[in-house]
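# A structural walkthrough
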Amino acid sequence: MKSLLIANTPAEEIMHELELTFGRPNNIAEVEIAKLRSLPPPKDTPGEFCRFATAVKNSIVSLKTLKKVNFLYNPEVAKLLIEKLPPNIRHRWYVYCQQQAHEDVPDLVQYYNFVKIEAEIYSVSAEPMKIASMDDKPKPSESRRVQIRPQRTHTASKTDSPPRHKPTCPVCKSNSHTAAQQCEKFKKENSYGRWEIAKAQRLCFRCLQYRTQTHNCKTKTCGIDDCPRMHHKLLHYRAASETQKTETATVSTGVSLTRSPRSYLKILPVKIVGPRASIDTFALLDDGSTVTLIDEEIATRVGAEGPTEPLKIEALAGATVRTNSSRRVTLTLCGPEEEYEISARTMKGLKLAKQQIEERDIRRCQHLAGIKTILCYHDATPTILIGQDNWELLLAIEVRRGSSSQPVASKTPLGWVLHGASTRSLGHQVHHVYHIREGAEDRIEEELRRYFSIESLGVLPRKTRADPQERALQILQKKTRALPDEGYSTSLLWKTDKVELPNNYDAALNRLYSTEKKIDRNPQLKEEYERQIALLIEKGYAEEAATTASGARTWYLPHFPVLHPAKPGKVRPVFDAAARARGTSLNDHLLTGPDLLQSLPGVLMRFRQHPIAVAADIEEMFLRIEINEEDRDVLRFLWRQHRREGPPREYRMKAVIFGAACSPCIALYIKNHNAEQHKEQYPRAADAIIHNHYMDDYLQSFQTEEEAMKITHEVDTVHRKAKFHLRKWT
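Thresholds applied
- Residues numbered from 1 in each chain as written.
- Predicted model: local features only at pLDDT ≥ 70, side-chain atom pairs only at ≥ 80, totals over all residues.
- Heavy atoms only, no water.
- Core = buried A, V, L, I, M, F, W, Y, C linked by side-chain atoms within 4.5 Å.
- Buried < 20%, exposed > 50% of the residue type's maximum accessible area, 1.4 Å probe, protein only.
- Helix = DSSP H or I, 4+ residues; strand = E, 2+ residues; numbered from the N terminus.
- Pairing = 2+ DSSP bridges.
- Contact = heavy atoms within 4.5 Å.
- Polar contact = N/O pair within 3.5 Å; in protein donor to acceptor, adjacent residues only side chain to side chain.
- Axes fitted to C-alpha atoms, helices over the stretch in contact; angles between N-to-C directions.
- Parallel < 35°, antiparallel > 145°, perpendicular 65-115°, else oblique.
- Nonpolar A, V, L, I, M, F, W, Y, C, P; charged D, E, K, R; others polar.

## Some words on the nonpolar core
Nonpolar side chains in soluble globular proteins generally cluster together in the buried interior. In terms of nonpolar packing, the biggest core is built from 75 residues, with Leu493, Leu586, Leu635 and Met653 touching the most fellow members. Among the elements that take part in this core, helix 19 (residues 663–677) stands out by supplying seven residues, more than any other. Counting 29 residues, the second largest nonpolar core, distinct from the first, contains Phe49, Ala78, Leu81 and Leu85.

The structure is reproduced here in structure tokens:
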């Protein structure tokens, strides 16, 4: 309702909107039917069966109140509810149906009439203390933590004699104290040991007293470190008595814990191949790292070469590591089936945590049958950390999972790797958090500046144009030209005139293989993605590239499918201009250009100004703008269509792509430039194109329908001069 409350919307309209969303009888009836389906089968006890009958009654009464009688004629749900009945009651149901066969009663009503009779019989025949009550239900806090065990069958009578001896401690069986919190043996254990004792001795987790059938204690939160859980303070994992005992291991990028459920890092054996030698070692697959690191000694031994560049690593609690001697190297990693060429940064004394996996650790994991021997290793010290810049090596092709207390095995391109948590207690365990950032310190300021510029969109006034923005505008003014058959062409916004790009063919080829594997697993996705690529070529947005590049620069763009969350069948090919190869990407050399986007609040305010509203959007706005011939070779991409054998064909984009840093600025500049060219003939249309568009969306309001028809027709005419076609008119 937020949008309605911005303006002075009448209460009747708001209530109408609420009724449309939440007051539809059919929706409520479907929810009630779903409740009946999900009812748990009742036990053959008075309390359980009466609660079951009440739940059935509530749903039946709701359906009758909604006057949705058709929902009561549901033999499928009725059959499901019959199967939930205990066997002895189910037999009486069949007798009841035979007696009522002549009556025309809805299925669910007949079922409720029967369970109501049975519930009444239970209520009359049961003992007073066993009539349905909410008190026989388990407490939520206890039912989530422990499994309720069957109660003892022995019941103490009034004639039983009182105990002769003083109650003993449930932990050490001593008569000197009666509570676990008074027991020195219990206090000396760490929190994990106390939990084990409490579970073994059936102690209440809130008060640490023995949990009898009639046990009842006050609910109270822990409170230590603002812990909201309802357990005793001695069971908190950071209790003060425990911290004095804990043995810790200190590393520059980690937090250490002891005697906790073990967590496995993604470590697996790999072979590193370089120009000089090959080495068998271990790799850590780290989804939280943005760059791949390799120990300097290993890189030297395999003969990996590369330029020296500064590197800064940011870890937990603001800890930083800086080195000016890091090298950017290229090497080969061998997996079980394929070899992968990757780029990595060297670091002296990488010192990643050791890990070992023994057979006894995963002996009970049935889901790991057949691969247990592959997963086990001793004293594995990773010498290479693989980060998101080689993301294709982090993907899980297959996953094997067991219960929540067992580790998970994932099959990656480099082989099977074990990760996740195990309940086996250890004497020493280290949890690592890696946050790695590549490049010089001034990039932090750049990222913060970009962040706050987005956060303040439409709030702060537009900033004065800086030199990079002036350069971008100069390129657009100099390189933009009108095409003979309508439309415009322009150039990419290069940061400098002398840009040198390395050969990234192999990196783009590996990404193509990854994309092919992804779409091959989904025939529908594959068919649509191939159709979209074919459309790019058919419509002239892309062309087959010559063997020899015509320009001074060449770059291959990886591409992948993106699905629209609101339109499951719509697939869009996106070209990854941010993909890095040999330490750089296409976006690193492109300017974003000045912010030409209109303020969104301003566009919306003008849209609500008059009673007649019109909306539309520009079809394929980016693709309608051509790129000049000299820049097309940096927009090359590889594609094999149906083929999976042999080398791919090389194509290049002729139009502005999704994913390039300068694309939004180019599109908005061409839109506004075209409007300025026709401002003398269509002044109001030109003003609407400049001020009433939010990127490709056109929103405007008018006083009269005649005015709306005239201006929108002119807007459409001016847009067509730039090959922009407005669609989805509303």
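## Some words on the pairing of strand 4 (residues 278–285)
With six of eight residues buried, strand 4 lies mostly within the body of the structure. As judged from the seven bridges shared by strand 3 (residues 267–273) and strand 4, these two strands associate in the antiparallel manner. When the bridges of strand 4 are listed, isoleucine 267 appears paired with leucine 284. If you look at the hairpin formed by strand 3 and strand 4, you'll find four residues sitting between the two strands. In this structure, strand 4 lies alongside strand 12 (residues 384–386), joined through three bridges in parallel fashion. In the sheet register, alanine 283 faces strand 12, and the bridge partner there is isoleucine 384.

## Section: the environment of aspartate 107
Counting through the fold element by element, aspartate 107 comes out in helix 7 (residues 107–125). Sequence separation between aspartate 107 and leucine 72 is 35 residues, and the spatial gap between their C-alpha atoms is 6.3 Å. Not counting residues up to four positions away in its chain, the partners in contact with aspartate 107 are Leu72, Tyr73, Asn74, Pro75 and Ala78. Reaching out from aspartate 107, the side chain makes a polar contact with the backbone nitrogen of asparagine 74 at a distance of 3.3 Å.

## Some points on the side chain of arginine 632
For arginine 632, the position within the fold is in the loop between strand 24 (626–627) and strand 25 (636–639). At 2.8 Å, the side chain of arginine 632 forms a polar contact with the backbone oxygen of isoleucine 627. If we ignore the near neighbours within four places in the chain, the residues touching arginine 632 are Glu543, Glu626, Ile627, Arg652, Met653 and Lys654.

## A closer look at the sheet that holds strand 5 (residues 293–295)
Backbone-to-backbone hydrogen bonds join strands into a sheet, with any given pair of strands oriented parallel or antiparallel. Pairing is mixed around the closed barrel formed by six strands, whose spatial order is 3-4-12-5-9-8. Here the average twist between neighbouring strands, direction ignored, is 45°. Across two bridges, the pairing between strand 5 and strand 12 is antiparallel. Along strand 12, the bridge assignment pairs isoleucine 294 with isoleucine 384.

## Here we look at the environment of isoleucine 627
Inspection of the secondary structure assignment puts isoleucine 627 in strand 24. Among the residues examined, isoleucine 627 registers a relative accessible area of 1% and is labelled buried. For the pair formed by isoleucine 627 and lysine 479, sequence separation is 148 residues and the distance between their alpha carbons is 9.8 Å. Sequence-distant contacts of isoleucine 627, that is, excluding residues within four places in its chain, are made with Thr490, Leu492, Arg632, Leu635, Lys654, Ala655 and Val656.

## Section: the packing of helix 20 (residues 683–691) against helix 21 (residues 705–721)
Helix-helix packing is characterised by the crossing angle of the two axes and by the distance between the axes. Between helix 20 and helix 21, the shortest axis-to-axis distance is 9 Å and the interhelical angle comes to 75°. By the angle between their axes, helix 20 is roughly perpendicular relative to helix 21. Across from Arg684, Ala685, Ala688 and Ile689 in helix 20, the residues of helix 21 making contact are Glu707, Ile711, Glu714, Val715, Val718 and His719. Of the residues that constitute the contact of helix 20 with helix 21, the class distribution is six nonpolar, one polar and three charged.

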